[in-house]
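# Notes for the structure review
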Amino acid sequence: MSELAHPDELLPWYVNHTLPAAERQAVEAHLRGCERCSAEIGFLEALRMQVKQATGEHPPDRVGLQRLMREVRAAPTRRERPWLRPALAAAVAAVVVQAALIGWLWTRQPPIEPLGGPWSGGVVLQVRFAPAASEARIRALLQASDATIIDGPGALGVYRLRLRDLRPGDRRAVAKALAELRAARGVVVQAEAE
Amino acid sequence: MPTSAADEGGILLAGIARGREQDMGEFYRRYHGRIYAFLLRRLRNAADAAEVANEVMLEVWRGAARFEARARPLTWVLGIAQHKAVDRMRREQHFAAEELDTEDLADESAGAVDLVARVQDATLLRRCLERLSDAHRAVVHLAFFEDLGYGEIAAILDCPEGTVKTRMFHAKQGLKRCLGRLLGLDAEGGAR
């Protein structure tokens, strides 16, 4: 494959490591005997590095997210899709069965304390619990932190916790609360401020 | 088993398709910066880039059910960003103020070592990137900031792979010429 004419068109993708194997091998064979293309690789690698530095990181914009979520909530409800109808019927049936089961269990379990509300004030954190963490350990941690689960789990297992006694502007207290949650090894694998 | 960023992005999109706001928030945190960087490179205006990035995210909320798992979430969402950017540029009749002359190809007068030194001058490079055409700048950004293959870039820009390669070739040659010219001007200025 070393008989490739100067493979100028492929070199940028050789540099960013996305060439398919066959093309990568052909370029490598060519580079072994071509000073011109080796020099071109040097230019492209420097260019790639500078483009990354010049572009920089753009951390998530909290105001932008708040604006987006307002618009998301105001967006019209999506249209029902035809295949949803049987799925909905199955879901309703499952809910009925679960309700009957819960009713039966309710008579066998000690009463659960009603959750506090409304959920206003405080600071909201996002937490991912360790898969092996027991309910008892999670409950103990939440009680020690005076935290309440207000949402979740999301698709990636993230819960939203509200710490009612903290003020959003009190960065030191928020950082301390995050540090305490993160220190709960075996219970918390990730904790971030929202 | 650990999941890749693409897998997690796909999971989030599935959640968004079911109307889960929390997954939308997480998707925003993961992808907004990259969408904004792409739009800023294309539109060259921070306010426009932020506005269009918000439109892209709303489109994700409305259209997540259209995402097909065989694509990468990043490719899919940058494709949406590309269409929104083109719409914005058409609406505002956006043209590059000064586009590089890429007809004259290589700047053969510059040696390879010179070119590497020139491209490492961040100020010069930024000025030259700004002077590329929109289409050329997009390819450079996707290849060297996002490290995407030519196939994915073609999917995002909705053009043939050959066009992506050709645009990259001309962008690279234009940058070389620009770097050479600016270095010459700066050298003259410094000698005064």
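Worth saying up front: this structure is predicted, and the values here are computed from it rather than measured. (Residues numbered from 1 in each chain as written. Chains lettered and ligands numbered in written order. Predicted model: local features only at pLDDT ≥ 70, side-chain atom pairs only at ≥ 80, totals over all residues.)

### Looking at helix α6 (residues 122–131) of chain B
Residue and element names in this part refer to chain B. Among the residues of α6, L124, L125, C128 and L129 are the ones counted as buried. Axial view of α6: buried residues confined to an arc of 130°, hence all on one face. In α6, those exposed residues whose orientation departs by more than 90 degrees from the buried face are A122 and T123. (Buried ≥ 20, exposed ≤ 12 C-beta atoms within 10 Å, placed from the backbone. Helix = DSSP H or I, 4+ residues; strand = E, 2+ residues; numbered from the N terminus. Arc of directions from axis to C-beta.)

### Let's talk about the confidence of the model for chain A
Residues and elements named next belong to chain A. Looking at chain A as a whole, its pLDDT mean stands at 79, while 77% of the residues score no less than 70. Taken element by element, chain A is modelled with least confidence in helix α5 (residues 84–106), mean pLDDT 65, and with most confidence in helix α1 (residues 11–15), mean pLDDT 97. Low pLDDT, under 50, characterises residues 110–119; the stretch is placed with three contacts to residues that sit more than four places away or in other chains. (pLDDT = per-residue confidence, 0-100. Contact = placed C-beta atoms within 7 Å.)

### Some thoughts on the sheet that holds strand β1 (residues 123–129) of chain A
Residues and elements named next belong to chain A. Read across the open sheet, the four strands follow the order β2-β3-β1-β4; overall the sheet is antiparallel. The open sheet is flanked by β2 (147–151) and β4 (188–193), the only strands paired with a single partner. Neighbour to neighbour, the strand axes of the sheet diverge by 35° on average, direction disregarded. Here four bridges tie β2 to strand β3 (residues 158–163), and the two strands are oriented antiparallel to one another. (Pairing = 2+ DSSP bridges. Axes fitted to C-alpha atoms, helices over the stretch in contact; angles between N-to-C directions.)

### Comments concerning the pairing of β1(A)
Residues and elements named next belong to chain A. Where burial is concerned, most of β1 is hidden: five out of the seven residues are buried. Bridge analysis of β1 against β3 gives six bridges, and the strand direction is antiparallel. For V123, the partnering residue across the bridge sits in β3 and is L163. With five bridges connecting them, β1 and β4 associate as antiparallel partners. Counterpart to Q126 in the pairing with β4 is E192.

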